[in-house]
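Now for the letters of each chain:
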Amino acid sequence: MNILNGKLMNQIKIRPTNMDKNTMSLLEDEGYIIRLAPNHHDTSPNAGQTTDLNIYVSSQASGAHKLISVTVNRCDFSSFGYHPDNEEFLLIGNSDSKPLYLGICYLNIDEFNDKVRKNTLSEDDFIMLKCHYNDPETSFFVLKANVLHGEAIIDSDLPCPSFYVTEGSDNSLIVPNWGDYELVVDNSDAIK
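Just so you know, these numbers come straight off a predicted model, no measurement behind them.

Engineer: I keep staring at the overall build of the protein and nothing clicks. Help me out?
Structural biologist: Along the backbone of the protein there are 2 helices and 12 strands. Over its C-alpha atoms the protein spans a radius of gyration of 18 Å, differing by no more than 12% from the 16 Å that the globule rule assigns to 192 residues. Expressed as a percentage of its 192 residues, the buried residues of the protein come to 41%. For the protein, long-range pairs separated by at least 24 residues make up 87% of all intrachain contacts whose partners lie at least 6 apart in sequence.

Spelled out as structure tokens, the structure:
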């Protein structure tokens, strides 16, 4: 338990998981992400042809496509929420920066809200990825629409981490009511 703004909070401490090819493949198999990796979406053009493959097409409601740079200097997950359309994470960055964590919830928003209401939200509902930069097998992926997620750091004397995101210009962030819960990186043990 922790007290935040005079309110007793239920901390959900999640041990970080290494962002490796196996973990990212499992998240893809479960429908949370689409990996953007070497040979992952190759097509088979005939000689003299060039072919393409739509990985996904954004909704027109998401607006024009944009590329943004994100720099994180927040140790909490106060902006943990979801977008109504896909977004691409391009973890192109400085590996010698503050550790960056990406929390992903396995629940859809209705399941999340139900568990918050019933006070049954637990660490089993999340994965906490310790982000890796510049790795063609793990650092580039589509986070699918409506997947609850958020980023936070572990503070240190290192520079703040930065990375790129592409998404629709009107792809809003919807932060649900966490009730008495807060998500925390459990940094007490080594990465599992």
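Engineer: For this particular structure, what's the right way to read the pairing of strand S10 (residues 149–153)?
Structural biologist: Looking along a regular strand, one sees the side chains alternate between the two faces of the sheet. In terms of burial, S10 is a largely internal element, 5 of the 5 residues being buried. Side chains His149, Glu151 and Ile153 of S10 all project onto a buried face; the interleaved residues Gly150 and Ala152 project onto the opposite face, where all are buried too. When strand S7 (residues 100–105) meets S10, the two strands line up antiparallel, connected through 5 bridges. Residue pairing across strands places Leu100 opposite Ile153, the latter belonging to S10.

Engineer: In this structure, what is going on with the nonpolar core? I would like to understand it.
Structural biologist: In globular proteins that are soluble, nonpolar side chains generally tend to be buried together. In this structure, Leu27, Leu91, Ile104, Leu129, Phe141 and Phe163 are the most contacted members of the largest nonpolar core, which totals 22 residues. When residues of this core are traced back to their parent elements, those giving at least two are helix H1 (21–29), S7, strand S8 (126–130), strand S9 (140–143) and strand S11 (162–168). In terms of residue count, S7 provides more of this core than any other element does, 3 residues in total. Those residues in contact with Ile104 that lie beyond four places of it in its chain are Leu27, Tyr32, Phe80, Asp125, Phe126, Ile127, Leu129, Leu143, Val147, Leu148 and His149. Counting residues in hydrophobic clusters, the runner-up holds 19 residues, among them Ile14, Leu107, Leu121 and Phe126.

Engineer: What exactly am I supposed to notice about unusual backbone geometry here?
Structural biologist: Most peptide bonds are trans, and most residues other than glycine sit at a negative phi. Positive phi values are uncommon outside glycine, yet Asn134 reaches one of about 65 degrees. Among the secondary structure elements, Asn134 is positioned in the loop between S8 and S9. A positive phi angle is found at Asn146, which is not glycine, with a value near 70 degrees. Considering the arrangement of structural elements, one finds Asn146 in the loop between S9 and S10.

Engineer: I'm lost on the environment of Cys131 in this one. Help?
Structural biologist: Within the secondary structure, Cys131 sits in the loop between S8 and S9. Along the primary structure Cys131 and Pro16 are separated by 115 residues, whereas in three dimensions their C-alpha atoms are 9.5 Å apart. What Cys131 contacts, discounting residues up to four positions off in sequence, is Met19, Leu91, Leu100, Tyr101 and Leu102.

Engineer: Hey, could you run me through the sheet that holds S9 in this one?
Structural biologist: Strand pairs in the sheet, formed through backbone hydrogen bonds, run parallel or antiparallel to each other. Reading across from one edge, S4-S9-S6-S11-S5 is the order of the 5 strands in this open sheet, with antiparallel pairing throughout. Looking along the sheet, the strands with just one partner apiece sit at the ends: strand S4 (33–35) and strand S5 (65–71). Going from strand to strand, the sheet's axes swing by 25 degrees on average, the running direction of each strand aside. In terms of strand pairing, strand S6 (residues 87–90) meets S11 through 4 bridges, oriented antiparallel. When the bridges of S11 are listed, Leu90 appears paired with Tyr164.

The rules behind these values
Residues numbered from 1 in each chain as written. Predicted model: local features only at pLDDT ≥ 70, side-chain atom pairs only at ≥ 80, totals over all residues. Heavy atoms only, no water. Helix = DSSP H or I, 4+ residues; strand = E, 2+ residues; numbered from the N terminus. Rg over C-alpha atoms; globule rule 2.2 N^0.38 Å. Buried < 20%, exposed > 50% of the residue type's maximum accessible area, 1.4 Å probe, protein only. Contact = heavy atoms within 4.5 Å. Pairing = 2+ DSSP bridges. Core = buried A, V, L, I, M, F, W, Y, C linked by side-chain atoms within 4.5 Å. Axes fitted to C-alpha atoms, helices over the stretch in contact; angles between N-to-C directions.

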